[in-house]
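Structural features, examined
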Amino acid sequence: MARRKAGAPIDLTAAHSLTAGLIADLTCPAGKQQAFLRDADCKGLRVRVTEAGAKSFVFESKVNGKTLRRTIGEASGNPPPWSIDDARKEANRLRVLVDQKQDPRELDKEAEAEKARKAAEAEAAQVAAAALAVTVGEVWPVYMEHGKPPKKAAWKPRYRADLIKAASPGGEPLKRGKGVTKPGHLAALMPLTLASIDQDTIRDWYNAEAKRAPIQAARAVAMFSGFLSWCATRKEYRGLVNRYAAKASDLGDVLPASKPRTDALEAEQLAAWFAGVATLRNRHAAAYLVALLMTGARREEMAGLRWDDVDFQNRRMTIADKVDATRVIPLAPYLASLLQSLPRVTLADGKKNPFVFAASVTKKGANKGRSRSASGRISEPRSYHADVLTEAGLPHVSIHGLRRSFALMGEAAGAPAGAIAQIMGHRPSAVSERYKPRPIGVLGEYLAKVEAFILEKAGI
């Protein structure tokens, strides 16, 4: 073939040995959107030129009976174009694939899919590694914000305070005396990752904590078991926790045996107990202890009683309840007269203290005595009851033991078990009890009977 002169028209119907000058002279014929210049030295290699003058190397062939046209790279312009040799190498590679009946386009799709899969696996591995690094201390605040007992709206304030104390790192100035607070029993678990918590971890942790306070450490195990159970209900933590790691039945070899408490006053001890109560100088504390014995209410239920909750005319009280939000119980004659005799306390701001069992309000930074509280109501009655028992010469009976005492006195007085349970705020223990809740008037008759029995045994 005769050598083409520079600037002469290029015959696009024939194959040409590609050169840089030939490519530079290539133009698109008028009236066409694109045209192709074939390479005589590499089968399938083309130079495409568009109407706008853009040029690129193209590989063209047939694979599985279908036309394949694939852009290799720029043949001119900026960024720097591919060299003719590099374009031929790529065209030869593609031709080998076509000769093997492989479609480069499908191979590219598979390669992209594999690349995407590996990227997804790498991302998943990073997410998994990050999840495995999540510590108890990072999740605990979420638990404190969103956790709650099963079938309940929220924790009781006292239990919530216990959770906060158990997880506290310590180091805070003591409210009484000098020094700083000790870490809570759960503090040692906070730096650990959720994924690392198993029964061996819990067992080792408990053995260390039990040296300081075994009963409180065992209670901390129960608290942490609740935390793990909550984590197991959340999709973001479910795969990280062993919800049974702190299960008491599986840690029976180290946890102390659970013994139900049975402490309570006996009928023969009532006279001495009331005599001991009469020696208390704090009338509100004395009335509070009597109210616990006369109603079987729980400690916090009675401590939160407000004057607005007491209906002297209709002889009833509305108190907080562990099962429901509140419950209404009768107000028997002796307790009614005792409450009416209590002085109404005026607060520092001149307002009346709303709580029946009042206590002096503690100012921030002031030393706290046992008759003071931040809320204005009685908060720590154990020391008062300890004085009563010492004065009466009686063995230890806990504050909750007064609740058990009421149940025993009610049974001795002949009150039905269902009526006693309803007054105390127990869930019905049988189907028959569940379907016969007693009206407040009937409960009042039974409670007056129990109160009269207690007073008779006390010699009052």
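None of the values given here were measured: they were computed from a predicted structure.

Re the sheet that holds strand S1 (residues 34-38)
- The four strands lie next to each other as S1-S2-S3-S4, forming an open sheet whose pairing is antiparallel. Bordering the open sheet on either side are S1 and strand S4 (66-74), each of which pairs with just one other strand. For this sheet the average axis-to-axis angle between neighbouring strands, irrespective of direction, equals 35°.
- Pairing analysis gives five bridges linking strand S2 (residues 45-50) to strand S3 (residues 55-63), with the strands arranged antiparallel. Each bridged residue has a counterpart across the sheet, and for Leu45 the counterpart in S3 is Phe59.
- Sheet strands touched by helix H2 (residues 84-99): S2, S3 and S4. Its angle to S3, the strand with the most contacts, is close to 15°.

Section: the packing of aromatic side chains
- If you walk through the whole model with that rule in mind, you get eleven aromatic pairs.
- Between the aromatic rings of Trp155 and Tyr159, the centroid separation amounts to 6.3 Å while the plane-to-plane angle is 55°, which identifies the pairing as tilted.
- Since its relative accessible area comes to 12%, Trp155 is described here as buried.
- On the accessibility criterion, Tyr159 (27% relative accessible area) is partly exposed.
- Between Trp205 and Phe224 the ring centres are 6.5 Å apart and the planes differ by 45°, which places this aromatic pair in the tilted class. With a gap of 19 residues between them, Trp205 in helix H6 (residues 199-210) and Phe224 in helix H7 (residues 214-231) connect regions that are remote in the sequence. The two residues Trp205 and Phe224 agree in class, both being buried.
- An aromatic cluster is built from Trp140, Tyr143, Trp155, Tyr159, Trp205, Phe224, Phe227, Trp230 and Tyr237, whose rings are joined through pairwise contacts.
- Positioned above the aromatic ring of Trp307 is the side chain of Arg344, whose terminal nitrogen or guanidinium carbon lies 3.6 Å from the ring centre.

So, the environment of Thr326
- Along the chain, Thr326 turns up in strand S7 (residues 326-330).
- A relative accessible area of 48% means that Thr326 is categorised as partly exposed.
- Ignoring anything within four residues of it in the chain, the contact list for Thr326 reads Thr318, Ile319, Ala320 and Asp321.

What to know about the side chain of Asn353
- Along the polypeptide, Asn353 turns up in the loop between helix H11 (333-340) and strand S8 (360-361).
- Here Phe355 takes part through its backbone nitrogen, which lies 2.9 Å from a polar atom of the side chain of Asn353.
- If sequence neighbours within four positions are ignored, Asn353 has contacts with Trp307, Val345, Leu347, Ala358, Ala359 and Gly376.

Calculation notes
- Residues numbered from 1 in each chain as written.
- Predicted model: local features only at pLDDT ≥ 70, side-chain atom pairs only at ≥ 80, totals over all residues.
- Heavy atoms only, no water.
- Pairing = 2+ DSSP bridges.
- Helix = DSSP H or I, 4+ residues; strand = E, 2+ residues; numbered from the N terminus.
- Axes fitted to C-alpha atoms, helices over the stretch in contact; angles between N-to-C directions.
- Contact = heavy atoms within 4.5 Å.
- Phe/Tyr/Trp six-rings, centres within 6.5 Å; stacked < 30°, edge-to-face > 60°.
- Buried < 20%, exposed > 50% of the residue type's maximum accessible area, 1.4 Å probe, protein only.
- Lys NZ or Arg CZ within 6 Å of the ring centre and 35° of its normal.
- Polar contact = N/O pair within 3.5 Å; in protein donor to acceptor, adjacent residues only side chain to side chain.

None of the figures reported here should be taken as evidence of function without further support.
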